[in-house]
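Coordinate inspection notes
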Amino acid sequence: EVKNIREKIESLADNHVSLCFTGVYSAGKSSLINALLGYRILPEAVKSETAKMFKIFSPQNGETVKISFLIKNVYSVLEWNESAKVFEFAKGPSESDIVTEIQNVVNEEKGKFQHDQIRAILSSLNTMAEISPDITIVFPVSLDTNAVQFTIYDTPGSDSNYLEHQTVLNDALAEQTQSILVFVVHPTKLEGAGNNALLNYLKAAEEKSSKTSIDIGRSLFVVNYSDTIKASDREQLRYSEIKNKDDESFSIKLADKKLLFAT
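Residues numbered from 1 in each chain as written. Predicted model: local features only at pLDDT ≥ 70, side-chain atom pairs only at ≥ 80, totals over all residues. Heavy atoms only, no water.

Time to look at the sheet that holds strand β8 (residues 179-185). The 10 strands are arranged β5-β4-β3-β6-β2-β7-β1-β8-β9-β12 in an open sheet whose pairing can be described as mixed. Where the open sheet ends on each side, the last strands, each with one partner, are β5 (86-91) and β12 (258-261). Geometrically, the sheet is characterised by an average inter-axis angle of 20° between neighbouring strands, direction not taken into account. Examined bridge by bridge, strand β3 (residues 66-71) and strand β6 (residues 134-138) share 3 bridges and lie antiparallel to one another. Bridge assignment links Ser68 to a residue of β6, and that residue is Thr136. (Pairing = 2+ DSSP bridges. Helix = DSSP H or I, 4+ residues; strand = E, 2+ residues; numbered from the N terminus. Axes fitted to C-alpha atoms, helices over the stretch in contact; angles between N-to-C directions.)

So this is what it looks like as structure tokens:
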């Protein structure tokens, strides 16, 4: 308990806060993050079988915009060349078919806006089995202030049937120590097996003696695409529950949480 208290005290001096976006596929997590960033850098409407986990934070100390990932366990970096207005390999394998494929995408996108190039590159990486399941993007986060620096996580859909995706999702949730969970739901998908994996993790987090992972009390619940339903239905959603059909002992009552509606 003393160790936990000391960790909490130390975390109070940390000005870095993570926003971890979770939810089922088609809930609009990536679209919502793009809206917050002010640029469409993340691919949207991603197929469940090809999704990666994206981690986004602002450049530090003159750092350039870049994308980093592993190509068959080799650390690789695409950095933005401001004078040429294009991304270039700064690190990675010297030669390989996957490098050539990525370079072809880079060449095709040259001359377009930076955010459009990023989205095209991420869309391509998202389909490549040789690329690591987690990808880091250093890109200005407009939410940042002098007091707080944000790191944004876009996680695979919680309804994925792929074990690798579930592992990536659980790893992302497990490393949240100074985090606000942003649980994004579709107004017609508050119930169902898709939320079970996430609810099971949150239940386990609630039962831990150490509250260093996910604090549901600080979490935000966003009903996306709320413009597709009637105002009366939105009001009814305020009193709905996100249920785990496999475990009726744990559910999330939206009336007790910080609930937002997004269009």
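Time to look at the nonpolar core. Formed by 42 residues in total, the largest nonpolar core has its most connected members in Ile56, Ile102 and Leu125. For this core, the element with the highest residue contribution is helix α3 (residues 97-109), accounting for 5 residues. The residues contacting Leu125, other than those within four sequence positions of it, are Lys52, Ile67, Phe69, Ile102, Ile131 and Ile135. Formed by 18 residues, the second largest nonpolar core is a distinct cluster that contains Cys20, Leu181, Leu199 and Val223. (Core = buried A, V, L, I, M, F, W, Y, C linked by side-chain atoms within 4.5 Å. Buried < 20%, exposed > 50% of the residue type's maximum accessible area, 1.4 Å probe, protein only. Contact = heavy atoms within 4.5 Å.)

In this section: the packing of aromatic side chains. Between two aromatic rings, the relevant description is the distance of the centres plus the angle of the planes. As enumerated under the stated definition, the model contains 3 aromatic pairs in all. Relative to Phe139, the ring of Tyr39 has its centre 5.7 Å away and its plane inclined at 80°; by these criteria the two rings are edge-to-face. One end of the pair, Tyr39, is in the loop between α2 (29-37) and β2 (53-57); the other, Phe139, is in the loop between β6 and β7 (149-154), with 100 residues separating them in the sequence. (Phe/Tyr/Trp six-rings, centres within 6.5 Å; stacked < 30°, edge-to-face > 60°.)

Moving on, we get to unusual backbone geometry. If you check the backbone angles, Asn61 has positive phi at about 50° while not being a glycine. Along the polypeptide, Asn61 turns up in the loop between β2 and β3. When its relative accessible area of 83% is taken as the criterion, Asn61 is described as exposed. One non-glycine residue, Asn73, lies in positive phi territory at about 75°. Mapped onto the elements, Asn73 comes out in the loop between β3 and β4 (74-81).

For helix α4 (residues 114-125), with 12 residues, the first-to-last C-alpha span of 17 Å sits near the 16 Å given by 1.5 Å per residue. For α4, the buried fraction is high: 10 of the 12 residues fall into the buried class. When we look at burial in α4, the residues that qualify are His115, Asp116, Gln117, Ile118, Arg119, Ala120, Ile121, Leu122, Ser124 and Leu125. Buried residues along α4 sit against β2, β3, β4, β5, α3 and β6. (Expected span 1.5 Å × (residues − 1).)

Turning our attention to the environment of Ser30. Of note, Ser30 is situated in helix α2. Placed 15 residues apart in sequence, Ser30 and Ala45 show a C-alpha to C-alpha distance of 8.2 Å. Ignoring anything within four residues of it in the chain, the contact list for Ser30 reads Leu42, Pro43, Glu44 and Asp154.

Right, let's talk about the pairing of β3 for a bit. For β3, the tally of buried residues reaches 5 of 6 residues, placing the bulk of the element in the interior. Bridge analysis of β3 against β4 gives 6 bridges, and the strand direction is antiparallel. Of the residues in β4, the one forming a bridge with Ile67 is Leu78. What sits between β3 and β4 in their antiparallel hairpin is a turn of 2 residues, with Lys72 showing a positive phi close to 50°.

Where charged atoms from two side chains of opposite charge approach closely, those side chains can pair. Counted under the stated rule, the structure contains 5 salt bridges. Among the ionic pairs, Glu44 bridges to Arg40, the shortest N-O distance being 3.4 Å. Looking at Glu44, the relative accessible area reads 29%, which means it is partly exposed. (Salt bridge = Lys/Arg side-chain N within 4 Å of Asp/Glu carboxyl O.)

Read these as spatial facts, not as claims about activity.
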